[in-house]
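Overview (structure and organization)
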Amino acid sequence: MENWNGTSGFAQYSNFQVANEDLNYKILVNGFSGNVSYDAMDNDNGYFFSTYDRDNDADLAESCAETRHSGWWHKKCTRANLNGKYQFGWGKEERNILGALS
């Protein structure tokens, strides 16, 4: 990953599982290591995959897949969004879509 100022880093997980369609592709991810400053996937762990036509996120006010321009395991809405539009901030928090890098 690379953030806006050119700092690069990586995240690695010892366990990364995605369930089948019947379980809405629920993600289970843990065992974080790497040189980024926090685990951006922790926020989405245990959530279902959402798309513009299948709103499975926990945000009742909006469809995170629509506002974040991506299919992803959105909670309310997301810290990591590797499928999303490359942009900085959405007015809620000024954070790079790739997460905070050390």
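Residues numbered from 1 in each chain as written. Predicted model: local features only at pLDDT ≥ 70, side-chain atom pairs only at ≥ 80, totals over all residues. Heavy atoms only, no water.

With that out of the way, let us pick up the overall build of the chain. Helix and strand counts for the chain come out as 1 helix and 2 strands. Listing every helix and strand of the chain by position from the N terminus yields β-β-α. Going through the 102 residues of the chain one by one, you find that 37% of them count as buried. Taking the intrachain contacts of the chain between residues at least 6 apart in sequence as the baseline, contacts between residues at least 24 apart amount to 38%. Per element, the accessible surface of the chain, about 6000 Å² overall, is 48% carbon and sulfur. (Helix = DSSP H or I, 4+ residues; strand = E, 2+ residues; numbered from the N terminus. Buried < 20%, exposed > 50% of the residue type's maximum accessible area, 1.4 Å probe, protein only. Contact = heavy atoms within 4.5 Å. Areas by Shrake-Rupley, 256 points an atom, 1.4 Å probe, with all protein chains shown as cover.)

We now examine the state of the cysteines. Chemically, a disulfide is nothing more than a covalent bond linking the sulfur atoms of two cysteines. In total, this model carries 1 disulfide according to the counting rule given. Between the sulfur atoms of Cys64 and its disulfide partner Cys77 the distance amounts to 2.0 Å. Handedness here is read from the sign of the S-S torsion; for Cys64 and Cys77, about -80 degrees, the answer is left-handed. Residue Cys64 is found in helix H1 (residues 64-67), and its partner Cys77 is found in the segment after H1; the two are separated by 13 residues along the sequence. One exposure class covers both Cys64 and Cys77, and it is buried. (Disulfide = S-S within 2.5 Å.)

Taken as a whole and judged by the stated rule, the model has 3 aromatic pairs. With a centroid separation of 5.8 Å and 50 degrees between ring planes, the pair formed by Tyr13 and Phe32 is classed as tilted. A residue pair is termed long-range when its members are at least 10 positions apart, and Tyr13 in strand S1 (residues 11-18) and Phe32 in strand S2 (residues 27-34) qualify at 19 residues. You can call Phe32 partly exposed: its relative accessible area is 31%. Between Phe49 and Trp73 the ring centres are 5.0 Å apart and the planes differ by 75 degrees, which places this aromatic pair in the edge-to-face class. One end of the pair, Phe49, is in the loop between S2 and H1; the other, Trp73, is in the segment after H1, and 24 residues separate them in sequence. Given the relative accessible area of 11%, Trp73 is considered buried. Put simply, the rings of Phe49, Trp72 and Trp73 touch in pairs and so form one group of aromatic residues. (Phe/Tyr/Trp six-rings, centres within 6.5 Å; stacked < 30°, edge-to-face > 60°.)

On to the side chain of Asp59. Mapped onto the elements, Asp59 comes out in the loop between S2 and H1. Only 2.9 Å separates the side chain of Asp59 from the backbone nitrogen of Ala61, close enough to count as a polar contact. Within the local environment of Asp59, its side chain forms a polar contact with the backbone nitrogen of Glu62, the two atoms lying 3.4 Å apart. (Polar contact = N/O pair within 3.5 Å; in protein donor to acceptor, adjacent residues only side chain to side chain.)

Nonpolar side chains collect at one region of the surface, where Phe16, Val18 and Tyr25 lie side by side and expose about 260 Å² of accessible area between them. Considering the arrangement of structural elements, one finds Phe16 in strand S1. Assessed through its relative accessible area of 45%, Phe16 is described here as partly exposed. (Patch = residues over 30% accessible without salt bridge, like charges linked within 9 Å, V, L, I, M, F, W, Y side chains within 5 Å. Salt bridge = Lys/Arg side-chain N within 4 Å of Asp/Glu carboxyl O.)

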